[in-house]
Amino acid sequence: MNGILPLYKPTGMTSADAVYHARKLLHIKKIGHSGTLDPNVDGVLPLAIGAATKAVPQLMASGKIYTGEITLGFATTTEDLDGEVVKRTPMVKPVPVHELDQALTQLTGEITQVPPMFSAVKVNGRRLYEYARAGESVERPKRQVTVKRFERTSEPVFDATQGIQRFRFEAAVSKGTYIRTLAVDVGQSLGVAAVMSQLTRIKSGGFTLAQAVSLEALGQHIAEGTLAAVIQPIDIAFADLPQVDLTTNQYEDVRHGRFLTLQLHAPRVRLHYAGVLKAIYRFEKQQYRPDIMFLANEKNER
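These figures come from a predicted structure and were not determined experimentally.

Scoring rules and cut-offs
Residues numbered from 1 in each chain as written. Predicted model: local features only at pLDDT ≥ 70, side-chain atom pairs only at ≥ 80, totals over all residues. Heavy atoms only, no water. Helix = DSSP H or I, 4+ residues; strand = E, 2+ residues; numbered from the N terminus. Buried < 20%, exposed > 50% of the residue type's maximum accessible area, 1.4 Å probe, protein only. Contact = heavy atoms within 4.5 Å. Pairing = 2+ DSSP bridges. Axes fitted to C-alpha atoms, helices over the stretch in contact; angles between N-to-C directions.

### Notes on the overall build of the protein
Of the regular secondary structure elements, the protein holds 7 helices and 18 strands. Once the C-alpha set of the protein is aligned to its principal axes, its extents read approximately 75 × 50 × 40 Å. Each of the 302 residues in the protein was classed as buried or not, and the buried ones make up 47%. Across the protein, every contact between residues at least 6 apart in sequence was considered, and the portion connecting residues at least 24 apart equals 68%.

### Let's talk about the sheet that holds strand 18 (residues 287–293)
Strand order in the open sheet formed by 4 strands is 15-16-17-18, with mixed pairing between adjacent strands. Looking along the sheet, the strands with just one partner apiece sit at the ends: strand 15 (243–245) and strand 18. In this sheet, adjacent strand axes meet at a mean angle of 35 degrees when their direction is disregarded. By the bridge criterion, 3 bridges tie strand 15 to strand 16 (residues 268–273) in an arrangement that is parallel. Across the sheet, residue Gln243 finds its bridge partner in strand 16, namely Arg270.

Encoded structure:
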């Protein structure tokens with residue numbers, strides 16, 4: 001079996017757990033995912049099955065869209081509600097709407113982020129969360145990310161009793177962007193502590209939340225023999241590339257990793273044979289050369 005399964009990961013489950021359960025249901029070891037979701041975050045987690053694991057970088061490059069909630073008035077060790085409160089800035093009056101919107105706008109475009117200590121980023125061979133749990137500090141690497149869109153999607157709610165203000169948002173971002181850190185940065189811009197209080201990934205790898213399949217539904221498809229209906233073909237990850245249908249002779253060349261001369265001028269092309277993706281070739285030195293090979297890919301039977 002080869003293809004991409006847009007899985008719905010619920011809250012309370014790690015991405016590794018989701019992959020583990022999918023492997024047990026499908027009886028397939030070779031499964032990867034295109035971007036970790038924290039345990040307290042739900043949403044779309046595209047799984048790459050079999051030969052599709054080679055398409056994971058392409059899936060990740062497509063960007064992600066999230067909806068969530070930011071709470072102003074306190075901060076935590078983890079930048080979300082899983083951590084311990086480390087700072088409070090009780091609010092005596094709400095931040096005006098136009099100031100909230102301005103803070104989000106300032107964080108749109110190419111920005112520099114420092115990943116949170118409670119994250120899986122590696123420094124000197126250790127995950128940052130390992131340093132954090134041991135009470136150790138380490139210099140965190142800065143990274144450039146792109147926030148394509150960051151907008152408020154609800155009227156803010158002010159709670160004078162707790163001294164907090166909440167509002168919902170939607171963000172479209174590049175891979176490697178930490179939404180938790182965006183929430184904290186919003187607070188810093190406004191001069192108050194802040195935390196990401198809820199998050200759902202509604203789009204990833206080109207798949208939307210409406211297309212995502214729960215583990216329960218996956219089990220039902222397996223039982224009913226309709227699994228192929230929810231396993232998407234690998235080439236959906238490369239849908240923006242021109243498709244070339246190979247002749248038998250051309251496919252023999254591809255099977256042996258030979259270069260091709262094609263009547264095209266695209267930087268990359270997807271090569272099909274017998275109705276399925278077999279390779280991605282790139283244009284270099286006046287010829288098309290192997291980029292990613294999918295020779296083991298076969299059509300899934302419904």
